[in-house]
Amino acid sequence: MFKKFSKEDVHSRSKVKSSIQRTLKAKLVSQYPQLESVIDELIPKKSQIELIKCEDKIQLYAVDGEILFFQKFDELIPSLRLVHKFPEAYPTVQVDRGAIKFVLSGANIMCPGLTSPGAKLPVSPGFEKDSIVIINAENKENALAVGKLLMSTDEISSINKGHGVELIHHLGDPLWNFSVE
Amino acid sequence: MSLREVVYCGVCSYPPDYCEFSGKLKRCKVWLKENHSELYDKYYGSDDAEDVNALTNKLAGSSIGEEREGKLEKDLLKLQAKEENRQQRELQKKLSSKVIIKREARTKRKFIVAISGLEVFEIDMKKLAKTFASKFATGCSVSKNAEKKEEIVIQGDVIDEVEAYIHSLLEEKGLKDVKLEIIDTKKKKKPTTTTPENTK
């Protein structure tokens, strides 16, 4: 999604009304229920969310110049900086060491990288197809990417072939390096 | 439950556990050691005498098998070498390029100063133009010159101040030896003093 992304892709910037800000926060909590306890720390009540509309109908939401989450269609997707602050709240999968290199250059994650000994998938029922997952790596503390499941986690472990996770946002991609001044 | 503070590497901007994949591992290590020595000890072990060896030993417990680990290691080294080469080339390019500051007469006593060749140094032209505008209290804009390159145009005769400012700016970036070329289309003081007399 952010293979190519730069300042030129920004169309408009505007401040979000506080009422809309409230619904946004509610939506974020409903998507990731565990965020509820820390939502006021992540986005303090007094803070001003800024909406940055970009090319391809991508919308970024920033607080204090830091992009916290973004949205392409209806779903809110947390940015990695937000993920790092509170990783427990999101569905997580883990890839093995061999995959890190490819993930960091933006490749989709193949099923074998998610099923090998170093990797971890949640025990069933697991996650549905199309849900947003954060991708962690073997022996690493922090997440390295955010993706969308192309098949359910049960299917990944049974089929074990082809693309498993579509990569949306990874460490070192243009969004990671993007700064709102 | 509370928020977690994550340290990001000052060199490659990744969390420090991923520095080894950034291709700038050497500089990352130096940075981490200077700024967060406790984290350095955690990730790279306390004996840095044999850092590459220590790292491979640590990775021996990895699950993906010796062969793949070896390949990965090789790839990472390659990446690192590539990155280093690239950086060197870039530095060379920076050092060999020069900044051109040009003064042009507009009407009799009015001048504009045009600065070009700054884009190599990763300087935001628009921002710099803005600072010049407020610093000298003149109009200042970014425009394209004859070679289709961006240049900053300042309204007003401020060539000396601009030169000093750009010198300090480059020095801040650690590029002291970059050449500044100053092109003055007319002699400095004579035209401004003689022309009014001629017209009288």
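Our subject is the structure that appears above.
First, a word on what this report is: a plain description of the structure on this page. (Residues numbered from 1 in each chain as written. Chains lettered and ligands numbered in written order. Predicted model: local features only at pLDDT ≥ 70, side-chain atom pairs only at ≥ 80, totals over all residues. Heavy atoms only, no water.)

Considering the pairing of strand β4 (residues 66-71) of chain A
Residue and element names in this part refer to chain A.
Phase 1: Most of β4 is tucked away: 5 of the 6 residues are buried.
Phase 2: The pairing of strand β3 (residues 59-63) with β4 spans 5 bridges and is antiparallel. Bridge pairing links Ala-62 to Ile-67 in β4.
Phase 3: Hairpin connection of β3 to β4: 2 residues between the antiparallel strands, including Asp-64 at a positive phi of 55°.
Phase 4: Bridge analysis of β4 against strand β5 (residues 76-78) gives 3 bridges, and the strand direction is antiparallel. Bridging from a neighbouring strand, Phe-70 pairs with Ile-77 of β5.
Phase 5: Where β4 folds back on β5, the antiparallel hairpin that results is connected by 4 residues. (Buried < 20%, exposed > 50% of the residue type's maximum accessible area, 1.4 Å probe, protein only. Helix = DSSP H or I, 4+ residues; strand = E, 2+ residues; numbered from the N terminus. Pairing = 2+ DSSP bridges.)

Some remarks on the pattern of salt bridges
Phase 1: In total, this model carries 9 salt bridges over all chains according to the counting rule given.
Phase 2: We note a salt bridge from Lys-85 of chain A to Glu-66 of chain A, for which the minimum N-O separation is 3.4 Å. Taken together, the residues span a long stretch of sequence, with Lys-85 of chain A in helix α3 (residues 80-85) and Glu-66 of chain A in strand β4 at a distance of 19 residues.
Phase 3: Across the pair Arg-103 of chain B and Asp-157 of chain B runs a salt bridge whose closest N-O atoms are separated by 2.8 Å. (Salt bridge = Lys/Arg side-chain N within 4 Å of Asp/Glu carboxyl O.)

Regarding the sheet that holds strand β8 (residues 132-137) of chain A
Residues and elements named next belong to chain A.
Phase 1: The sheet built from 5 strands is open, its strands ordered β6-β8-β9-β10-β7 with mixed pairing. A single partner strand is all that each edge strand has here, and the edge strands are β6 (92-95) and β7 (109-110).
Phase 2: Inspection of the sheet shows β7 paired to strand β10 (residues 163-170) by 2 bridges, in the antiparallel sense. When the bridges of β10 are listed, Ile-109 appears paired with Val-165.
Phase 3: The strands touched by helix α4 (residues 97-104) within the sheet are β6, β7, β8, β9 (145-149) and β10, with β10 carrying the most contacts at an inclination of about 55°. (Contact = heavy atoms within 4.5 Å. Axes fitted to C-alpha atoms, helices over the stretch in contact; angles between N-to-C directions.)

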